[in-house]
Amino acid sequence: MNVNQSAPPVPPFGQNQPIYPGYHQSSYGGQSGPAVPATPYGAYNGPVPGYQQTPSQGVPRAPPSSGAPPASTVQAPCGQSTYGQFGQGDIQNGPSSSAQLQRLPGSQQFGSPLAPVVSQPPVLQPYGPPPSTQVTAQLAGMQITGAVPQAPPPSGLGYGPPTSLASASGSFLNSGPYGSYPQSQAPPLSQAQGHPGVQPPLRSAPPLASNFTSPASGGPRMPSMTGPLPPGQGFGSLPVNQANHVSSPPAHALPPGPQLPGPPVPPPPMHSPQQPGYQLQQNGSFGPARGPQPNYESSYPGAPTFGSQPGPPQPLPPKRLDPDAIPSPIQVIEDDRNNRGSEPFVTGVRGQVPPLVTTNFLVKDQGNASPRYIRCTSYNIPCTSDMAKQAQVPLAAVIKPLARLPPEEASPYVVDHGESGPLRCNRCKAYMCPLMTFIEGGRRFQCSFCSCINDVPPQYFQHLDHTGKRIDAYDRPELSLGSYEFLATVDYCKNNKFPSPPAFIFMIDVSYNAIRTGLVRLLCEELKSLLDYLPREGGAEESAIRVGFVTYNKVLHFYNVKSTLAQPQMMVVSDVADMFVPLLDGFLVNVSESRAVITSLLDQIPEMFADTRETETVFAPVIQAGMEALKAAECAGKLFLFHTSLPIAEAPGKLKNRDDRKLINTDKEKTLFQPQTGAYQTLAKECVAQGCCVDLFLFPNQYVDVATLSVVPQLTGGSVYKYACFQVENDQERFLRDLRRDVQKEVGFDAVMRVRTSTGIRAVDFFGAFYMSNTTDVELAGLDGDKTVTVEFKHDDRLSEESGALLQCALLYTSCAGQRRLRIHNLALNCCTQLADLYRNCETDTLINYMAKFAYRGVLNSPVKTVRDTLITQCAQILACYRKNCASPSSAGQLILPECMKLLPVYLNCVLKSDVLQPGAEVTTDDRAYVRQLVSSMDVAETNVFFYPRLLPLTKSPLDSTTEPPAVRASEERLSSGDIYLLENGLNLFVWVGASVQQGVVQSLFNVSSFSQITSGLSVLPVLDNPLSKKVRGLIDSLRAQRMRYMKLIVVKQEDKLEMLFKHFLVEDKSLSGGASYVDFLCHMHKEIRQLLS
Ligand SMILES: [Zn+2]
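Cut-off values and rules
- Residues numbered from 1 in each chain as written.
- Predicted model: local features only at pLDDT ≥ 70, side-chain atom pairs only at ≥ 80, totals over all residues.
- Heavy atoms only, no water.
- Helix = DSSP H or I, 4+ residues; strand = E, 2+ residues; numbered from the N terminus.
- Buried < 20%, exposed > 50% of the residue type's maximum accessible area, 1.4 Å probe, protein only.
- Contact = heavy atoms within 4.5 Å.
- Areas by Shrake-Rupley, 256 points an atom, 1.4 Å probe, with all protein chains shown as cover.
- Donors = N, O, S within 2.8 Å, 3.2 Å for Na, K, Ca; no water.
- Tetrahedral: all angles 85-135°; square planar, octahedral: opposite > 155°, others 65-115°.
- pLDDT = per-residue confidence, 0-100.
- Salt bridge = Lys/Arg side-chain N within 4 Å of Asp/Glu carboxyl O.
- Core = buried A, V, L, I, M, F, W, Y, C linked by side-chain atoms within 4.5 Å.
- Axes fitted to C-alpha atoms, helices over the stretch in contact; angles between N-to-C directions.
- Left-handed = near helix turned anticlockwise from the far one by under 90°.
- Nonpolar A, V, L, I, M, F, W, Y, C, P; charged D, E, K, R; others polar.
- Phe/Tyr/Trp six-rings, centres within 6.5 Å; stacked < 30°, edge-to-face > 60°.
- Lys NZ or Arg CZ within 6 Å of the ring centre and 35° of its normal.
- Pairing = 2+ DSSP bridges.
- Polar contact = N/O pair within 3.5 Å; in protein donor to acceptor, adjacent residues only side chain to side chain.
- Patch = residues over 30% accessible without salt bridge, like charges linked within 9 Å, V, L, I, M, F, W, Y side chains within 5 Å.
- Disulfide = S-S within 2.5 Å.
- Expected span 1.5 Å × (residues − 1).

### Topic: the overall build of the chain
- Helix and strand content of the chain: 23 helices and 29 strands.
- Out of the 1094 residues belonging to the chain, those deemed buried represent 65%.
- The contacts of the chain with a sequence gap of at least 6 include a subset with a gap of at least 24, amounting to 77%.
- Here the chain has roughly 36,900 Å² of accessible surface; of this, 53% comes from carbon and sulfur atoms.

### Description of the coordination of the zinc ion
- Protein coordination at the zinc ion comes from C425 (SG), C428 (SG), C447 (SG) and C450 (SG), with a distance range of 2.2 to 2.3 Å.
- Geometry at the zinc ion is tetrahedral, judged from its four donor atoms and the angles of 102 to 116° they form at the metal.
- Mapped onto the sequence, the residues coordinating the zinc ion show the spacing C-x2-C-x18-C-x2-C.
- Taking relative accessible area as the criterion, C425 reaches 1% and is therefore assigned buried.
- In this structure C428 comes out as partly exposed when scored by relative accessible area, which is 22%.

### A short note on the confidence of the model for the chain
- For the chain, the mean per-residue pLDDT works out to 77, and 70% of the residues sit at or above 70.
- The low-confidence segment residues 183-318, where pLDDT is below 50, has 390 contacts with residues more than four positions distant or belonging to other chains.

### Section: unusual backbone geometry
- The backbone of D705 sits at a positive phi, close to 65°, despite the residue not being glycine.
- With respect to the secondary-structure elements, D705 resides in the loop between strand 18 (692-698) and helix 11 (706-709).
- Unusually for a residue other than glycine, E1055 sits at a positive phi of about 70°.
- Along the chain, the position of E1055 falls in the loop between strand 29 (1048-1053) and helix 22 (1059-1063).

### Section: the pattern of salt bridges
- Using the criterion set out here, one finds 49 salt bridges in the structure.
- Note that R444 and E440 form a salt bridge whose closest N and O atoms lie 3.6 Å from each other.
- Of the charged contacts, one joins D532 and R595 as a salt bridge, the two residues approaching to 2.3 Å between their closest N and O atoms. On the criterion of sequence distance, the pair formed by D532 in the loop between helix 7 (519-530) and strand 14 (546-552) and R595 in helix 8 (residues 595-608) is long-range, its members being 63 residues apart.
- Judged by relative accessible area, R595 falls into the partly exposed class, the value being 32%.
- Three or more residues joined by partner-sharing salt bridges are found here, namely R404, K638, D695, R741, D742, K745, D784, D786 and K787.

### A short note on the nonpolar core
- By size, the foremost hydrophobic cluster in this structure holds 148 residues, and its most contacted members are L556, F558, Y839, L917 and F1006.
- Broken down by element, this core gets its largest block of residues, 11 residues, from helix 16 (residues 864-885).
- In terms of nonpolar packing, the next biggest core, distinct from the first, is built from 44 residues, L523, F549, L602 and C816 among them.

### Description of the packing of helix 7 against helix 13 (residues 728-744)
- Relative orientation of the contacting elements helix 7 and helix 13 amounts to 35°, with a least axis distance of 11 Å. Where helix 7 crosses over helix 13, the two elements pack in a sense that is right-handed. Where helix 7 approaches helix 13, its residues L519, L522, L523, E526 and L530 are matched on the opposing element by V728, Q732, F735, L736, L739, R740, V743 and Q744.
- Tallied by class, the residues present in the contact of helix 7 with helix 13 amount to nine nonpolar, two polar and two charged.

### Concerning helix 17 (residues 904-912)
- Within helix 17, nine of the nine residues are buried, which leaves it mostly tucked inside the rest of the structure.
- The complete set of buried residues in helix 17 reads L904, P905, V906, Y907, L908, N909, C910, V911 and L912.
- On its buried side, helix 17 packs onto helix 3 (329-340), helix 15 (844-858), helix 16, helix 19 (940-947) and helix 23 (1078-1093).

### A closer look at the packing of aromatic side chains
- Under the criterion given, the structure shown has 31 aromatic pairs.
- Judged by centre distance (5.9 Å) and plane angle (45°), the ring pair of F438 and F445 falls under tilted. The burial state of F438 is the same as that of F445; both residues are buried.
- Within the aromatic cluster, the residues linked to one another by ring pairs are F642, F697, F699, Y721, Y723, F726 and F735.
- The cationic tip of R372 hangs over the ring face of F361; the distance from NZ or CZ to the ring centre is 5.1 Å.
- The aromatic ring of F438 is capped on one face by R470, whose charged end is 4.9 Å from the ring centroid.

### Regarding the sheet that holds strand 7 (residues 396-399)
- Spatially, four strands are ordered 5-7-23-21 in an open sheet, and the strand pairing comes out antiparallel. Taken across any chain shown, the strands that pair with only one partner, and hence form the sheet edges, are strand 5 (374-376) and strand 21 (761-767). Averaged over all adjacent pairs, the angle separating strand axes in this sheet is 25°, with direction ignored.
- Direction of pairing for strand 21 relative to strand 23 (residues 789-795): antiparallel, over a ladder of six bridges. Each bridged residue has a counterpart across the sheet, and for F767 the counterpart in strand 23 is T790.

### Some details on the sheet that holds strand 11 (residues 453-455)
- An order of 9-10-11 is seen for the three strands of this open sheet, with the pairing classed as antiparallel. The open sheet terminates on both sides in strands that have one partner only, identified here as strand 9 (437-439) and strand 11. This sheet shows a mean twist of 35° between the axes of neighbouring strands, independent of strand direction.

### Re the environment of L871
- The topology assignment puts L871 in helix 16.
- Here the alpha-carbon distance between L871 and N909, two residues 38 residues apart in the chain, equals 9.5 Å.

### Notes on the pairing of strand 29
- Where burial is concerned, most of strand 29 is hidden: six out of the six residues are buried.
- Residues K1048, I1050 and V1052 line one face of strand 29 and the alternating positions L1049, V1051 and K1053 line the opposite face, and both faces are buried.
- Note that strand 28 (residues 988-993) and strand 29 share six bridges and pair parallel. Its bridge partner being in strand 29, V991 is matched across the sheet by V1051.

### Structural notes on the side chain of R424
- Its place among the elements puts R424 in the loop between strand 8 (414-415) and strand 9.
- Engagement of the side chain of R424 in a polar contact is seen with the side chain of Y492, the distance being 3.4 Å.

### Things to note about a nonpolar patch on the surface
- Together, M570, V572 and M608 give the surface a local cluster of nonpolar side chains, amounting to about 250 Å² of exposed area.
- With respect to the helices and strands, V572 occurs in strand 16 (residues 569-573).

### Some thoughts on the environment of K913
- Relative to the assigned elements, K913 resides in the loop between helix 17 and helix 18 (925-936).
- Residues in contact with K913, not counting those within four places in the same chain, are Q918, V1067, E1068, D1069, K1070, S1071, G1075, A1076 and S1077.
- A polar side-chain atom of K913 sits 2.8 Å from the main-chain carbonyl oxygen of V1067.

### Side note on the environment of T467
- By secondary structure assignment, the location of T467 is in the loop between strand 11 and helix 5 (477-480).
- By relative accessible area, which is 56% here, T467 ends up exposed.
- At 2.6 Å, the side chain of T467 forms a polar contact with the side chain of D465.

### A short note on the pairing of strand 15 (residues 556-560)
- Burial runs high along strand 15: five of the five residues are buried.
- Both faces of strand 15 are covered, namely the face carrying L556, F558 and N560 and the face carrying H557 and Y559.
- Two strands pair when backbone bridges link them, and strand 14 and strand 15 are joined in this way by three bridges, in the antiparallel orientation. Residue Y552 lies in a different strand from strand 15, and its bridge partner there is L556.
- Hairpin connection from strand 14 to strand 15: three residues lie between these consecutive antiparallel strands.
- Of the strand pairs in this sheet, strand 15 and strand 16 are connected by five bridges, and their pairing is antiparallel. Directly across from H557, in strand 16, lies its bridge partner V572.

### Remarks on the state of the cysteines
- By the definition in use, this model includes zero disulfides.
- The structure places no disulfide on C886, whose sulfur is separated from the nearest cysteine sulfur, that of C881, by 6.1 Å.

### What to know about helix 7
- Its 12 residues give helix 7 an end-to-end C-alpha distance of 16 Å, which sits within 8% of 16 Å, the value for a rise of 1.5 Å per residue.
- Within helix 7, burial applies to L519, V520, L522, L523, C524, E526, L527, K528 and L530.
- Residues of helix 7 that are buried in the fold lie against strand 13 (503-509), helix 6 (512-516), strand 14, helix 8, strand 17 (637-643) and helix 13.

This is the structure we're talking about:
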């Protein structure tokens, strides 16, 4: 192997542009460019996102927040107006809206807010085996008769206009999915009682108006649940609330055969927000009764088609659409696991679609990057932009350059080419890779990206074998593998100097709130041991990372922890407007050398501030100070900020409380997501120039303006963690686990990423946590193994089927040990001239990752409703194009989905009804900003489970089974009251206990004798020595280990108050915030598609 061996010292070849020419020098030092950085938040480009790109625009900034309100206003306890729902008393201030009062009983509770919609069930047609990988799902004969709008709907189906629900009072919980704020908070300086318990007592809901948002304890359930479903109920009337409902009423089975008469009825007018109900015309096409699993009809030429003959319309008996008959995420996931989980995925072949992210599989790198590093929306992309525009399928790659690999897979080899550095194409600067073609006996190579012919430097020369391959190809990672690293030469370093090892600076809020909650003591205690686990490289005995400490409230305290000191020394900087670092020597130290002084400091900090009465904090000056300290030390690094409150103290970056829930569903809603001052963007730009990454741990008791505070973490590749109403006894586990993981994880510092493509396509848009000062270079002050960058591509020329489309992602970064490296990932995709090939090679999970990020960025610039409509339109266009060009002719009454995209509607609906795009009343502005930034750097596996949570039955599989139980669909209908289920989405973890679970099971798991004795809201399962207890706790541990955030457990009992929190995650059901059920949404999509086709 030539790996890690220096090449012979021959004069550099092809180095006429020595300084990593792909990367603009101006990105370092922050000297050039506009004063206010362009942000990675692009403009929202309207309904054809992939093809109407315009250069990113900056976020329209709110006016500077001068003239802050008096401190007391902002610092007031949680009972301020914007938190009215958590306000002064248990009873809310009356009905939340007149619309709710108009709500009719019965079906309107769940269904179409209009009058009853009568529908036909789909009849699926299992005619013969699908002839190819493509199958179609049919929703035949959905019919509406007699839809009679009666009253304006209180809440739409999810496509509709904002409803009053979002602003309704009567929120039911103060421990929402993200941890909302408590009903009341102790005044800052009085030792009022905190909230006992994780789940503070629930308010009783207002009797009437809050039925939807505030299910009081034992309060009114949806009345329609209790009775039998009247036959006339439409789709919208699914009894979602029936815990033990078993779907498949007998009425489903329709007689096979005869086409139902019915000429194509003109489609209803375009759906509008005021028209929440939608109509579907039955158009014949009925086949045999469906089976228990989705059946798909062939859509290929030659396949039989049924029921396209028009006939007179004839009403059918109303039926409800059977949830079992529509594509099931669980089934798709299971099928992929069964079909592809056993064989390794070998990356040698161009354009292969990898197994789903939910499948466990091994990867063998044979020349293309592992799907752990890059996943694409399609692995076969249209040759022309016209085709791409027609299909509307976004062409995007989700790239995780530093992804962690399972132990069975080798980390990328590091290639050292010595002083000459990595070999690159002279023209486009692509790095040597398996895609390059050697010619002329090996003396030259042709670049596959730009076709330029380059000389091979003498020291790199090697003969070719009879196939034209270099005979050393398998000895060189850069000639045989999809992913590898090059050691960078000094030319790739800032100021032409090899970097120093990075530093970590811990910056701890010691204001009253931080002290009162016990946070400071907990953190200091933890840091004493955690500092032994700083990331280290390879087999290094000790981490090269140096550490420093700052505490702050309105002023900053720096600490000298030099090893020669007997005691740490504090230096106070009170001039926060002009931040400087008061000491250099002794601020950043080696942990083992200064251990005694550091330990002493961490012991003293909680004592020093124990009696503080200072409630105000600064924020921007803290980041400024950390960044200046790194600059003075001439190194990159990371700041760990532990912060509790809105920074209202007089200082740069001072903020005011501008939370206003009334803006929800207005054109001004976007301002809630925008930073309230441009100061943080300017600061972030300076941080990026210094390689200063910021991780922010928030512990808010009330609004802290996450949208603004997260700007610097977001633009520096950092992370934001949020622990609302932090209390040591309840939240320490989650916080400490997150902190340990965050501190220990490997980080690449001072990174620049460039994605090169072969002629014909180019990267045009980027999504994630980073900064861009030009249109091509993704700058990351820090990048860890959890962070992804989603890149969108666009045609700029014609592609050819023969050469395909090539991607090369190059990441230049400084390792934890201070080594400058280049990580290269290569991926070759196929190109097609037939749309069917595009649709056959798509990956819906990746599409959803892209679409969610696109939408979540869009809310910065467009009304949320516009964003949702755009997604729906694009999805309809994608599916309509398939229907028109790839599916066999069939009745318009059939919904035909491409096999690879059959989950697109269900997943897209989950995005549409997510808290960012359609918040429930319990979701705070901070929650939405938090989730928005979190999703922006999620990988495909994370977005998959985040939008469609996993629901696992715990008591159904055998106790001795070591495998994970098969999941069930995220719908209340799938819950059986005799069982216990676990639900997780990467952030939240619930155990739901059915009311009629056997006593023995209850005893085994909870150590109590009956259901009623189980403590609702329990966050720890007792450690019991029996198989069930071990199995469940083991499963929880294993799920937690898979996720990037520690998921706190909440035990929820059936019919309990907390159950509403849990139901929020049953995403196939209609949501309380107005989000459509899966069935409803699928029908809506069908209608949209038909409109596009007609
Ligand atoms: Zn080239």
